[in-house]
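# Coordinate inspection notes
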Amino acid sequence: GEDVEQSLFLSVREGDSSVINCTYTDSSSTYLYWYKQEPGAGLQLLTYIFSNMDMKQDQRLTVLLNKKDKHLSLRIADTQTGDSAIYFCAETHTGTASKLTFGTGTRLQVTL
Amino acid sequence: NAGVTQTPKFRILKIGQSMTLQCTQDMNHNYMYWYRQDPGMGLKLIYYSVGAGITDKGEVPNGYNVSRSTTEDFPLRLELAAPSQTSVYFCASSDPGREGAFFGQGTRLTVV
């Protein structure tokens, strides 16, 4: 079955880079996503990557995909206190009504 | 453009009571979903729908029912509330393709 795993917690200093990692088991994944959840709020789509890509950059965000190792990462450059949140990776694949399988989430704490 | 709207935001139910969680979207998306989020966990899919009149079970459907009479609305029904249904419930919608799902702000349900 599908499984998506993330480490639970990451603490970084303001201004440093954050790297949040995710591993998945389903080799047929089509799209992989990163969502951000702030306290008491819903999930906000940050970025996504198609499975035939290795990297995608969007302003301060860089997504790296190693399909061979089934490893996805999200790098946030110049991390700010407003980046403190829970970050979820998720995957979906064709023929499944775009249903998302989520990781357990990584709580990012940004300290001054 | 409101996106995905859920009501109510908070609710306390007694064991055995029933209620309906409302969800509506104004993006004309065909796909809609209900997820639940338990503390320290990722989101688990309860039910989903690929269009009006079509619904299907997700990973954790027991104790819930859904209907999809229109494209816009996808209510989730709890018939006999149990403490195990204490959770935060998220409704989402999407269209096939890369953009991922758009989420509502969530309903925090406590069953006592």
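Right, let's walk through the structure included here. (Residues numbered from 1 in each chain as written. Chains lettered and ligands numbered in written order. Predicted model: local features only at pLDDT ≥ 70, side-chain atom pairs only at ≥ 80, totals over all residues. Heavy atoms only, no water.)

### Quick word on the interface of chain A and chain B
Frequently, the measure chosen for interface size is the accessible area removed from exposure when the parts meet. Tallying the contact residues gives 18 residues for chain A and 23 residues for chain B. Considering only the surface of chain A that becomes buried against chain B, Leu-43, Ala-97 and Lys-99 of chain A emerge as the three largest contributors, covering 27% of it. One can count zero salt bridges joining chain A with chain B. Inspection of the region where chain A meets chain B yields four residue pairs in polar contact (both at pLDDT 80 or more). Mapped onto the side of chain A that touches chain B, the elements with two or more residues apiece are strand 4 (31-37) and strand 5 (43-50) of chain A. The element contributing the most residues to the side of chain A that touches chain B is strand 4 of chain A, with four residues. (Contact = heavy atoms within 4.5 Å. Buried area = accessible area lost by both parts, 1.4 Å probe. Salt bridge = Lys/Arg side-chain N within 4 Å of Asp/Glu carboxyl O. Polar contact = N/O pair within 3.5 Å; in protein donor to acceptor, adjacent residues only side chain to side chain. Helix = DSSP H or I, 4+ residues; strand = E, 2+ residues; numbered from the N terminus.)

### Brief notes about the sheet that holds strand 3 (residues 19-25) of chain B
All names here are of chain B. Pairing within the open sheet is antiparallel, and its four strands lie in the order 1-3-8-7. Looking at strand neighbours, the two that pair on one side only are strand 1 (4-7) and strand 7 (64-66), the edges of this open sheet. Each neighbouring strand pair of the sheet contributes to a mean axis angle of 20°, computed without reference to strand direction. Sheet analysis places strand 7 next to strand 8 (residues 76-78), joined by three bridges and oriented antiparallel. Bridge pairing in strand 8 links Asn-65 to Arg-77. (Pairing = 2+ DSSP bridges. Axes fitted to C-alpha atoms, helices over the stretch in contact; angles between N-to-C directions.)

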